[in-house]
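Chain by chain, the residues:
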Amino acid sequence: QVQLVESGGGLVQAGGSLILSCAASGSTFSIDDMGWYRQAPGKQRELVAAITRGGSTNYTDAVKGRFTISRSNTKNTMYLQMNSLKPEDSAVYYCNADIAPDWSGLLDNYWGQGTQVTVAS
């Protein structure tokens, strides 16, 4: 069984910083692409940033230059460094990953439970 657990959310003032973490545990034979999504009230869930196993990254335009995604393949953990936070960054942030739970290498897609980020103006 695979679990993705996010941590690091909270309340911060505009212009502040937060670091989110996503730890994968359980049957994680291989972890492929990983990403952070967010969903604000009344809005659709959107991709914030993604990272391949090899470290290639991409970001939505709204966070370019402010957020940095990274991962540790040895720790099965992904991070999101969020700087210069704005009130419009407020949302529930979700971790997502393509994981092969066993030696077959067949990938399944998994979601974390989400962590709330609130940026006060």
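Because the structure is a prediction, the values reported are computed rather than measured.

(A) The arrangement of the overall build of the chain in detail. Broken down by element type, the chain carries 0 helices and 11 strands. The linear arrangement of helices and strands in the chain, starting from the amino end, is β-β-β-β-β-β-β-β-β-β-β. Relative to the globule expectation of 14 Å for 121 residues, the C-alpha radius of gyration of the chain, 14 Å, shows essentially globular dimensions. Taken over the C-alpha atoms alone, the chain extends approximately 50 × 25 × 25 Å along its principal axes.

(B) Main features of the sheet that holds strand β7 (residues 67-72). Reading across the sheet, the 4 strands line up as β1-β3-β8-β7 and stay open at both edges, with antiparallel pairing between neighbours. Every interior strand has two partners, whereas the edge strands, β1 (2-7) and β7, have only one. Strand after strand, the sheet turns through a mean of 15° between neighbouring axes, direction not considered. As paired elements, β1 and strand β3 (residues 18-26) share 6 bridges and run antiparallel to each other. Within the sheet, the bridge partner assigned to S7 lies in β3 and is S21.

(C) Just the nonpolar core, in detail. In terms of nonpolar packing, the biggest core is built from 28 residues, with W36, L80, M82 and Y93 touching the most fellow members. Counting only elements with at least two residues in this core, the list comes to β1, β3, β4 (30-39), β5 (46-51), β7, β8 (77-82), β9 (91-100) and β11 (115-120). The element best represented in this core is β9, accounting for 5 residues. Setting aside its immediate chain neighbours within four residues, M82 contacts G16, S17, L18, L20, R66, F67, Y93 and V117.

(D) Local environment of the packing of aromatic side chains. A full pass over the atoms with the stated rule returns 2 aromatic pairs. Consider the rings of Y94 and W111, whose centres lie 6.4 Å apart with planes at 85°: the pair is edge-to-face. You can see Y94 sitting in strand β9 and its partner W111 sitting in strand β10 (residues 108-111), a full 17 residues away along the chain. Note on Y94: relative accessible area 13%, which makes it buried. Judged by its relative accessible area of 38%, W111 falls in the partly exposed class.

(E) Layout of the pattern of salt bridges. Under the defined criterion, the tally for this structure stands at 4 salt bridges. Here E46 and R38 are joined by a salt bridge, their closest N and O atoms 2.7 Å apart. Here E46 falls in the partly exposed class, since its relative accessible area comes to 33%. One salt bridge in this structure joins D89 and R66, with 2.7 Å as the shortest N-O distance. Here the residue D89 occupies a position in the loop between β8 and β9, and R66 occupies one in the loop between β6 (57-59) and β7, the gap between them amounting to 23 residues. The two residues D89 and R66 agree in class, both being buried. Here the salt bridges share partners, and the residues they tie into one network are R38, E46, R66 and D89.

Criteria and thresholds
Residues numbered from 1 in each chain as written. Predicted model: local features only at pLDDT ≥ 70, side-chain atom pairs only at ≥ 80, totals over all residues. Heavy atoms only, no water. Helix = DSSP H or I, 4+ residues; strand = E, 2+ residues; numbered from the N terminus. Rg over C-alpha atoms; globule rule 2.2 N^0.38 Å. Pairing = 2+ DSSP bridges. Axes fitted to C-alpha atoms, helices over the stretch in contact; angles between N-to-C directions. Core = buried A, V, L, I, M, F, W, Y, C linked by side-chain atoms within 4.5 Å. Buried < 20%, exposed > 50% of the residue type's maximum accessible area, 1.4 Å probe, protein only. Contact = heavy atoms within 4.5 Å. Phe/Tyr/Trp six-rings, centres within 6.5 Å; stacked < 30°, edge-to-face > 60°. Salt bridge = Lys/Arg side-chain N within 4 Å of Asp/Glu carboxyl O.

From the geometry alone we can't say anything about function, so treat these as descriptive.
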